[in-house]
Amino acid sequence: MTRSGTTGLAQRRALLAFAMTCATTAFPGQGNASTPGVPEVFDPPRALPDFVFTDEAGREHRVADFAGEVLVINLWATWCPPCVAEMPTLDRLQAMLGGERVRVLALSQDRGGAAVVRRFYDQTSVRHLPIWLDPRGAASRILGARGLPTTLIVTRDSREAMRLAGEAEWDAPAMVKLIRAIGARGATPRPAAGAT
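Residues numbered from 1 in each chain as written. Predicted model: local features only at pLDDT ≥ 70, side-chain atom pairs only at ≥ 80, totals over all residues. Heavy atoms only, no water.

Remarks on the state of the cysteines
Linking two cysteines covalently via their sulfur atoms produces the bond known as a disulfide.
Stage number 1. If you walk through the whole model with that rule in mind, you get one disulfide.
Stage number 2. The disulfide that involves Cys80 links it to Cys83, with 2.4 Å between the sulfurs. Handedness here is read from the sign of the S-S torsion; for Cys80 and Cys83, about 75°, the answer is right-handed. The residues Cys80 and Cys83 share a single accessibility class, namely buried. (Disulfide = S-S within 2.5 Å. Buried < 20%, exposed > 50% of the residue type's maximum accessible area, 1.4 Å probe, protein only.)

Overview of helix α5 (residues 173-185)
Stage number 1. The terminal C-alpha atoms of α5, which comprises 13 residues, lie 18 Å apart, in line with the 18 Å expected from a rise of 1.5 Å per residue.
Stage number 2. Turning to α5, its buried residues are Met175, Val176, Leu178, Ile179, Ile182, Gly183 and Arg185. (Helix = DSSP H or I, 4+ residues; strand = E, 2+ residues; numbered from the N terminus. Expected span 1.5 Å × (residues − 1).)

Remarks on the sheet that holds strand β7 (residues 150-154)
Stage number 1. Ordered in space as β1-β8-β7-β4-β5-β6-β2-β3, the eight strands form an open sheet in which the pairing is mixed. With partners counted over all chains shown, the strands left at the sheet margins are β1 (40-47) and β3 (60-61), one partner each.
Stage number 2. Inspection of the sheet shows strand β2 (residues 53-55) paired to β3 by two bridges, in the antiparallel sense. Residue pairing in the sheet places Thr54 in a bridge with Glu60 of β3.
Stage number 3. Contacting β4 (70-76), β5 (102-108) and β7, helix α2 (residues 81-97) crosses the sheet at an angle of about 165° to β4.
Stage number 4. Against the sheet, helix α3 (residues 114-124) touches β4, β5 and β6 (132-133), its axis set at about 100° to β4. (Pairing = 2+ DSSP bridges. Contact = heavy atoms within 4.5 Å. Axes fitted to C-alpha atoms, helices over the stretch in contact; angles between N-to-C directions.)

And the structure:
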């Protein structure tokens, strides 16, 4: 294995170990990865199915439109208490990491559309998150979300690196470190095919 191949493997192992540490320390008392509140890590990151969502003005977007950015895709709704509880942490995460090409895509499942989300943002002082809409729940179905909130961390090349069902403190130091580590992975050169 080449030196860069060894480095890439070491970084993948370190990332996986860090995610498992997060699962056991940041979320004590939880079971396995399918349990709400425990991150499910994919190593290597897995393909993400294509889906469409809209912005506040009704323009359609896809994940591929944000290639080169780490995405925190959060499926939520204003009527979901755990979603409401974690929304300020997502807002703070966007403020903290936006300059590092990390984008929070909080896809509202509210059927009332942008007006409902705007009112919620105004009432709760959410200032850093644009309005993203998925009122028919297409993203939830395509992504196989079992409930709300569900959050995916997507690599710079649009692959799912991690999924978490349930509420989390997204601006907690362990989460910020994990998201940065996922973002750094895209900068690591991979060994050429056939390298030994």
